Amino acid sequence: MVVAGNDWINSYLEAILDVGPSGIDGAKSSLLLRERGRFSPTRYFVEEVITGFDETDLHRSWIRAAATRSTEERNTRLENMCWRIWNLARKKKQLEGEEAQRTSIRHIEREKARREATADMSEDLSEGEKGDVPGELSAHSDSVRGRMPRVGSVDVMENWASHHKEKKLYIVLISLHGLIRGVNMELGRDSDTGGQVKYVVELARALGSMPGVYRVDLLTRQVSAPDVDWTYAEPTEMLNLTNAENSMHEVGESSGAYIVRIPFGPKDKYVPKESLWPYTPEFVDGALSHIIQMSKVLGEQIGGGQPVWPVAVHGHYADAGESAALLSGALNVPMVFTGHSLGRDKLEQILKQGRQSREEINATYKIMRRIEAEELCLDASEIVITSTRQEIEEQWRLYDGFDPVLERKLRARIKRGVSCHGRFMPRMVVIPPGMEFHHIVPHDGETEGETERNEDNSASPDPPIWSEIMRFFSNPRKPMILALARPDPKKNITTLVKAFGECRPLRELANLTLILGNRDNIDEMSSTNASVLLSILKLIDKYDLYGLVAYPKHHNQSDVPDIYRLAAKTKGVFINPAFIEPFGLTLIEAAAHGLPIVATKNGGPVDIHRALDNGLLVDPHDQQSIADALLKLVSDKQLWARCRQNGLKNIHLFAWPEHCKTYLSRIGSCKPRQPQWQRSNDEFENSESDSPGDSLRDIQDLSLNLKLSLDGDKNEGCGTIDNIDTEEIDVAGKSKLESAVLTLSKGAIGGTKRAGSLEKFPPFRRRKFIFVIAVDCDMISDLLEILKLVTGAVGRDNSTGSIGFILSTALTISDIHSLLVSGGLNPSDFDAFVCNSGSDLYYPSSSCEDNPELPFVVDLDYHSHIEYRWGGEGLRKTFVRWAASLNDKEQKQIVVEDGSGSSKHCFAFKVEDPTLVPPAKELQKLMRIQALRCHAIYCNNGSKLNVIPVLASRSQALRYLYIRWGMDLSDVVVFVGECGDTDYEGLLGGVHKTVILKGVGSNARKLHANRNYPLEDVTPFDSPNLVQTEICDIDNIRASLGKLGIL
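Residues numbered from 1 in each chain as written. Predicted model: local features only at pLDDT ≥ 70, side-chain atom pairs only at ≥ 80, totals over all residues. Heavy atoms only, no water.

- An unreviewed UniProt entry lists the protein chain under the name Sucrose-phosphate synthase, from Cephalotus follicularis.
- You can read under Sequence similarities (unreviewed entry) in the UniProt record for the protein chain the words "Belongs to the glycosyltransferase 1 family." (UniProt positions renumbered as here; feature names shortened; annotations may be inferred.)

Shown next as structure tokens:
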């Protein structure tokens, strides 16, 4: 039964039984159904119930049926409802069975992954280490011996402030959806503008006031829509401090906390978060531009002329988390993530209701897209901040990318200094949300006499909500037991009312106040909420609690502090009896107003009680335990006073300064990862040259000295171009090449060179437009034809060299060279080559004039840029083992390692039969459950598999060129086919322009047939920057470029 236990369902089922067989037999079938002609129950309930089911409608139908006077019509309606319940129950059972099967498979896969990972990592452990159980290490906290000292103690706080006051940190926070502003927040305006908005604004403001923090940017979406206030269209808003505590904090021209609004998505339209996914790459590009500009500004102010990069990029919720992951990778700075609510947990909860299938849920909430973004956050984050341990143990463990058991093992190995074989887990850190307490003044009365005197002498009138509540009570002076929650079954309010109603001493000593949201008419509430409220009203009547229980229909958000004050004034107690409470913010609010608490022992309240020690924890299923705890607190005045004082004394632990100190301490433990060319280098600092000397096109002598070959073979005394930074390379040669690249880097980024010398650098800044050819063809020969079409479409319009070209492909640099030579194209016609699905970046070198075998030079800085969490040899071995198991299963060679197509940051495999390999999403899952972070990409129509670093991709390579060489992304035109490799979607979004070549790459659609979410969910088809040719020829390409304003 879908909603078994609801009284209204029981009543109408009883009514059906009372009617008897005569009321529902075929001979006397309902008039309504007979009017339809031949009655087909299956067809009727599929069309009228399952496809359009709404439980609220079901409840209203019962109300109407119960009120119908005509027996025949009443029976008709009851019969219809009975069938509806039967079908819904059947559907729920089916969905539950499917989900149980998926859960079982997931459990088996995870156990297998744990065994394989443990086997890999046990190779280099001694027998003693193998026997160690890392039980002293929590999955989400430090060891007891190595734990960071609490920043709550006075000495530690003073030392912390003293240590950090000289720092000048730049922090970037991201929260995309909803309407965000610093004052008059419209909380509750819609489902996207809620507690998260308040949280991120207060966090930004609090961080901006901390010693050592120079600037905080809260990046969000700029909304210029007629149905929202004009303030949301302002590009920048400074968050003023709420108090003067920071008056001594050093300020500067750009210091403080700011809301920065980045335009992206549909113009003049406010859209819900589920519709933002296609436009997040556009946000990333806009945010990247802002951060780079701000880093330079801060560099001039506080960085001695060197850019000041963010110490961390912190994403809030899945959409901002994915954006933070891409920004973190592009900038090479640490990422922090806070989920707020998680997609897998929401999916589980909706599936348990049995009303919708996975497909229906995904269509409504884009839930699979959200889950994939959260998985990427686990791949890229250094720290994941949660509010409670329950969030880690019950929610994050649902994800492929996080396993508490494996995390403990990795933590133990790191502590011992033992290799993890390329496996990584983000650090889960519990930091409860902060609160602003400066406006809260707890009631000071300690005795009844003092309370009465305060009442008599009060100059200000009582808040209106007080009289609204007290009118319910026959004796309003009794202590008030306060519960504040939605009328949701999970909140367990009915058990509270039963406990109160069945405990006579408690009824005699106290009143009960239930603040259950706002309502006008119970019939207009959702059926779930209405059912809970009706149950409460029946219990009040059953136990005759009139005069003892208040349940006002309305209250404003601004009334909530006054409600807490009233409860404290009567020496009452606040209770949260929820079956499970993820955090319990109301418990902190109650404590701040001087209220002792009774709370569920399941979830976040355990942590809150441990910190505040201001009440009692209870089993929410134990009615007697709830009554006993409440009675103990309201009857024992000394216990009540002690709990009140403990709460007020310790509440600072949940204040924003405390939160920020812990937050900054955690961020400070992250390893700095700024771009390599920005790191201090003695050669840079001591160099007096005004010119970078030989540019990337003019390092002929250096290239010849290295004697690099294109075929990947290691010649005597030299290395390979694909493994240029391995140990086999001549150390002196490597040093020279690194020095040359770093010297060039300093000139390009530092801005220390004369304008005349910049022409020797990769000429991105000289180009008016950059054409990126990222077409994934079925055959390599087809790619050659595309190259000629695109370059030919420009023709005489490029006589001045205003248009540059980049080739972006899954091919190796060797394959590219062979392709260009076979087609009579010159590598110097291109500005750069993004190879191996984005894991390698090369530039053409003028050395090809004397040594045709060496027309390219590798960008070593790009390698260091994408090195983060690269699994290396441990990852390669795992894929080799996977390939071997697949081959054994099929009894033939399906997947074979491709050594010649591999490089240090790309492991290539040949796929002999693409129909026999799992989809890309399954490979990604396989790696994640073993804590291996990478991208597994099917290329060349599925005939090749490239495994590359998690921070590498063809789209991220373009962002790197923007940061590295100043290539303006808005001047980039990306050419793609109708479909392509499994990384195809990453090429479509952003501020760049996109030309889709019709009829090209369509055979690759089969690679996308088994996706987690439809490609349409992430493609901005309505963007003016995206056009499609009618056919793939020069004239149509020119026409498309004309639509984009290029030609």
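## Looking at the overall build of the protein chain
So, step 1. Looking only at helices and strands, the protein chain has 36 helices and 26 strands in total.
So, step 2. Expressed as a percentage of the 1047 residues in the protein chain, the buried residues total 57%.
So, step 3. Across the protein chain, every contact between residues at least 6 apart in sequence was considered, and the portion connecting residues at least 24 apart equals 73%.
So, step 4. On the protein chain, roughly 44100 Å² of surface is accessible, and the fraction owed to carbon and sulfur atoms is 49%. (Helix = DSSP H or I, 4+ residues; strand = E, 2+ residues; numbered from the N terminus. Buried < 20%, exposed > 50% of the residue type's maximum accessible area, 1.4 Å probe, protein only. Contact = heavy atoms within 4.5 Å. Areas by Shrake-Rupley, 256 points an atom, 1.4 Å probe, with all protein chains shown as cover.)

## Observations regarding the sheet that holds strand β21 (residues 907-911)
So, step 1. Overall, antiparallel pairing links the four strands, which are arranged β20-β21-β23-β22 in an open sheet. Both edges of this open sheet fall to β20 (895-897) and β22 (934-939), since each of them pairs with a single strand only. Across the sheet, the axes of successive neighbouring strands diverge by a mean angle of 25°, strand direction being ignored.
So, step 2. As paired elements, β20 and β21 share three bridges and run antiparallel to each other. Looking at β21, one finds that Val895 is bridged to Val911. (Pairing = 2+ DSSP bridges. Axes fitted to C-alpha atoms, helices over the stretch in contact; angles between N-to-C directions.)

## A short note on the packing of helix α10 (residues 317-331) against helix α35 (residues 954-965)
So, step 1. Between α10 and α35, the shortest axis-to-axis distance is 9 Å and the interhelical angle comes to 50°. If you check the angle between α10 and α35, you find them oblique. The interaxial crossing formed by α10 with α35 has right-handed handedness. Along the contact surface, α10 presents Leu326, Gly329, Ala330 and Leu331, while α35 presents Gln956, Arg959 and Ile963.
So, step 2. Of the residues belonging to the contact of α10 with α35, the class tally is four nonpolar, two polar and one charged. (Parallel < 35°, antiparallel > 145°, perpendicular 65-115°, else oblique. Left-handed = near helix turned anticlockwise from the far one by under 90°. Nonpolar A, V, L, I, M, F, W, Y, C, P; charged D, E, K, R; others polar.)

## Digging into the packing of helix α18 (residues 493-501) against helix α24 (residues 623-635)
So, step 1. Contact geometry of α18 with α24 gives a least axis separation of 9 Å together with a crossing angle of 65°. When the axes of α18 and α24 are compared, the crossing they make is right-handed. Residues Thr495, Leu496, Lys498 and Ala499 of α18 touch α24, and the partners they reach there are Gln623, Ile626, Ala627 and Leu630.
So, step 2. Residue composition of the contact of α18 with α24, grouped by class: five nonpolar, two polar and one charged.

## Remarks on the pairing of strand β17 (residues 832-835)
So, step 1. Side chains Ala832 and Val834 of β17 all project onto a buried face; the interleaved residues Phe833 and Cys835 project onto the opposite face, where all are buried too.
So, step 2. What joins strand β16 (residues 803-808) to β17 is helix α31 (residues 813-822), and the crossover it makes is right-handed.
So, step 3. Pairing geometry for β17 and strand β18 (residues 840-844), over three bridges, is antiparallel. Residue pairing in the sheet places Cys835 in a bridge with Asp840 of β18.
So, step 4. Here β17 hands over to β18 after four residues, with Asn836 in that stretch at a positive phi of 50°. (Right-handed = clockwise from strand over helix to strand, strands pointing away.)

## Focus: unusual backbone geometry
So, step 1. Phi at Asn492 is positive, roughly 65°, even though this residue is not glycine.
So, step 2. You can see Asn492 is positioned in the loop between β9 (480-484) and α18.
So, step 3. Residue Asn941 is not a glycine yet carries a positive backbone phi of 60°.

## Here's the deal with the side chain of His1008
So, step 1. If you trace the backbone, His1008 turns up in the loop between β25 (993-997) and β26 (1026-1028).
So, step 2. Overall, His1008 belongs to the buried group, its relative accessible area being 10%.
So, step 3. Separated by 3.0 Å, the side chain of His1008 and the backbone oxygen of Gly980 make a polar contact.
So, step 4. Side-chain polar atoms of His1008 contact the side chain of Arg1011, separated by 3.1 Å.
So, step 5. Excluding residues that lie within four positions of it along the chain, His1008 makes contacts with Cys979, Gly980, Asp981, Thr982 and Tyr984. (Polar contact = N/O pair within 3.5 Å; in protein donor to acceptor, adjacent residues only side chain to side chain.)

## As for the packing of aromatic side chains
Remark: the centre distance and the inter-plane angle together describe each pair of aromatic rings, the angle taken between the planes.
So, step 1. Enumeration over the complete set of coordinates arrives at 16 aromatic pairs.
So, step 2. Pairing Trp396 with Tyr399 gives two aromatic rings, centres 5.0 Å apart and planes at 50°, and the pair type is tilted.
So, step 3. Under the relative-accessibility criterion, Trp396 is labelled buried at 0%.
So, step 4. Among the aromatic residues, those joined into a cluster by ring pairs are Phe771, Phe805, Phe830, Phe833, Phe856 and Phe975.
So, step 5. A cation sits over an aromatic face here: Arg344 above Tyr399, 5.4 Å from the ring centre.
So, step 6. Lying over the aromatic face of Trp965, Arg964 brings its terminal NZ or CZ to 4.0 Å of the ring centre. (Phe/Tyr/Trp six-rings, centres within 6.5 Å; stacked < 30°, edge-to-face > 60°. Lys NZ or Arg CZ within 6 Å of the ring centre and 35° of its normal.)

## Topic: helix α26 (residues 656-668)
So, step 1. Under the 1.5 Å per step criterion, the end-to-end length of α26 is 18 Å for 13 residues, consistent within 8% with the ideal 18 Å.
So, step 2. α26 sits mainly inside the fold: 10 of its 13 residues count as buried.
So, step 3. Of the residues making up α26, those classed as buried are Trp656, Glu658, His659, Cys660, Lys661, Tyr663, Leu664, Ser665, Arg666 and Ile667. (Expected span 1.5 Å × (residues − 1).)

## A word on the environment of Arg1011
So, step 1. For Arg1011, the position within the fold is in the loop between β25 and β26.
So, step 2. Each C-alpha atom, one on Arg1011 and one on Met368, is 9.6 Å from the other, the two residues being 643 residues apart in sequence.
So, step 3. Apart from residues no more than four positions distant in its own chain, Arg1011 is found in contact with Lys921, Glu985 and Val1018.
So, step 4. A distance of 2.5 Å separates the side chain of Arg1011 from the side chain of Glu985, its partner in a polar contact.

## Notes on the nonpolar core
Side chains of a nonpolar character, in soluble globular proteins, are inclined to be buried together.
So, step 1. Counting 100 residues, the largest nonpolar core has Ile174 and Leu961 as the members making the most contacts within it.
So, step 2. Sort the elements by how many residues they give to this core and helix α9 (residues 280-302) lands first, with eight residues.
So, step 3. A domain split of this core shows at least three residues from each of domain 1 (161-242 + 251-430) and domain 3 (769-1044).
So, step 4. Beyond its immediate sequence surroundings of up to four residues, Ile174 is in contact with Leu218, Leu219, Phe283, Val313, His314, Gly315, His316, Ala320, Ala324 and Leu327.
So, step 5. The next biggest cluster of nonpolar side chains, apart from the first, holds 74 residues, and it includes Met435, Ile465, Ala530 and Ala599. (Core = buried A, V, L, I, M, F, W, Y, C linked by side-chain atoms within 4.5 Å. Domains from an automatic or database assignment.)

## Comments concerning the pairing of strand β6 (residues 335-338)
So, step 1. Neither face of β6 is open: one carries Met335 and Phe337, the other Val336 and Thr338, and all of them are buried.
So, step 2. Here strand β5 (residues 312-316) pairs with β6 via four bridges, running parallel. The residue of β6 that forms the bridge with Gly315 is Phe337.
So, step 3. In this fold, the crossover linking β5 to β6 by way of α10 has right-handed handedness.

## Remarks on the environment of Asp797
So, step 1. Within the fold, Asp797 resides in the loop between α30 (780-794) and β16.
So, step 2. Look at Asp797 and you get partly exposed, because its relative accessible area is 35%.
So, step 3. Apart from residues lying up to four places away in sequence, Asp797 is in contact with Ser802, Arg1038 and Leu1047.

## Considering the sheet that holds β26
By definition, the strands of a sheet pair up through backbone hydrogen bonds, in either a parallel or an antiparallel sense.
So, step 1. Read from one edge of the open sheet, eight strands run β19-β18-β17-β16-β15-β24-β25-β26, paired in mixed fashion. Taken across any chain shown, the strands that pair with only one partner, and hence form the sheet edges, are β19 (856-858) and β26. On average, each strand axis in the sheet is tilted by 25° relative to the strand beside it, whichever way the strands run.
So, step 2. With five bridges joining them, strand β15 (residues 769-773) and β16 adopt parallel strand pairing. Residue Phe771 lies in a different strand from β16, and its bridge partner there is Phe805.

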